[in-house]
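So the chains spell out like this:
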Amino acid sequence: MRTPAGTDCRHYYEDYNRGRAIQECRLIKANRRSLPWQPGDCAKCVVPAILRANAGRELRVDLAVVKRWGLLRRLRVDAYCLKHEIEVASAEAGCPRCSAEERGRA
Ligand code: SF4
């Protein structure tokens, strides 16, 4: 679904049918440690790019809105490779062990 920022994201949901006015990020909503999502969060979110870069890989991504110094909202992304069962330091780069396996196949 297209987010308020104009990107496609499978975690975004909206429903304006029959008088409803629902907008939500289901990834943030699923994270109990996160502050609530706001539509402006999508403009600075890297999750759609991470999912595109890791298409076909078993990468789980968690997203949280946190406050830095009690003031600034920022998005924190945590990634975990389900195949190798390891935390992934750079979600954009993906799982290093998956990458090594793919290089070995090339
Ligand atoms: S905040 Fe990120 S993950 Fe959530 S709907 Fe927006 S683009 Fe998607």
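A few points on the structure. Please read all numbers here as calculations on a predicted model, not as lab measurements.

1. Concerning the overall build of the protein chain
Phase 1 of the analysis: Of regular secondary structure, the protein chain possesses three helices and five strands.
Phase 2 of the analysis: Oriented by its inertia axes, the alpha-carbon framework of the protein chain measures out at about 55 × 35 × 20 Å.
Phase 3 of the analysis: Long-range pairs, those at least 24 residues apart, make up 39% of the contacts in the protein chain with a sequence separation of at least 6.
Phase 4 of the analysis: For the protein chain, the exposed area adds up to about 7200 Å²; of that, 50% sits on carbon and sulfur atoms.
Phase 5 of the analysis: Positive and negative charge centroids in the protein chain, built from 21 and 13 side chains respectively, lie 3 Å apart.

2. As for the environment of Val46
Phase 1 of the analysis: Here Val46 shows up in the loop between α1 (26-29) and α2 (47-53).
Phase 2 of the analysis: Sequence separation of Val46 and Arg57 is eleven residues, and the distance between their C-alpha atoms is 17 Å.
Phase 3 of the analysis: The contacts of Val46, once residues within four sequence positions are left out, are Val77 and Glu92.

3. Some remarks on the sheet that holds strand β5 (residues 86-88)
Strands pair in a sheet through their backbones, by hydrogen bonds, and they do so in one of two ways: parallel or antiparallel.
Phase 1 of the analysis: Strand order in the open sheet formed by three strands is β3-β4-β5, and the pairing between neighbours is antiparallel. The outermost strands of the open sheet, each flanked by one partner alone, are β3 (59-68) and β5. Shown here is a sheet whose adjacent strand axes are inclined to one another by a mean of 30 degrees, direction ignored.
Phase 2 of the analysis: In terms of strand pairing, β3 meets strand β4 (residues 72-81) through ten bridges, oriented antiparallel. Considered in β4, the bridge of Leu59 is made with Cys81.

4. Comments concerning the packing of aromatic side chains
Phase 1 of the analysis: One pass over the structure, following the stated rule, counts one aromatic pair.
Phase 2 of the analysis: Note on Tyr12 and Trp37: the rings are 5.9 Å apart at their centroids and 50 degrees apart in plane angle, and the pair reads as tilted. In this pair, Tyr12 sits in strand β1 (residues 12-15) while Trp37 sits in the loop between α1 and α2, placing the two residues 25 residues apart along the sequence.
Phase 3 of the analysis: Residue Tyr12 is classed as buried on the basis of its relative accessible area, which comes to 4%.
Phase 4 of the analysis: One residue, Arg26, lies across the ring of Tyr13, its end atom 3.9 Å from the ring centre.
Phase 5 of the analysis: It is Arg68 that lies over the ring of Trp69; its NZ or CZ is 5.4 Å from the centre.

About the criteria used
- Residues numbered from 1 in each chain as written.
- Predicted model: local features only at pLDDT ≥ 70, side-chain atom pairs only at ≥ 80, totals over all residues.
- Heavy atoms only, no water.
- Helix = DSSP H or I, 4+ residues; strand = E, 2+ residues; numbered from the N terminus.
- Contact = heavy atoms within 4.5 Å.
- Areas by Shrake-Rupley, 256 points an atom, 1.4 Å probe, with all protein chains shown as cover.
- Lys, Arg positive; Asp, Glu negative; His and termini not counted.
- Charge placed at Lys NZ, Arg CZ, Asp CG, Glu CD.
- Pairing = 2+ DSSP bridges.
- Axes fitted to C-alpha atoms, helices over the stretch in contact; angles between N-to-C directions.
- Phe/Tyr/Trp six-rings, centres within 6.5 Å; stacked < 30°, edge-to-face > 60°.
- Buried < 20%, exposed > 50% of the residue type's maximum accessible area, 1.4 Å probe, protein only.
- Lys NZ or Arg CZ within 6 Å of the ring centre and 35° of its normal.

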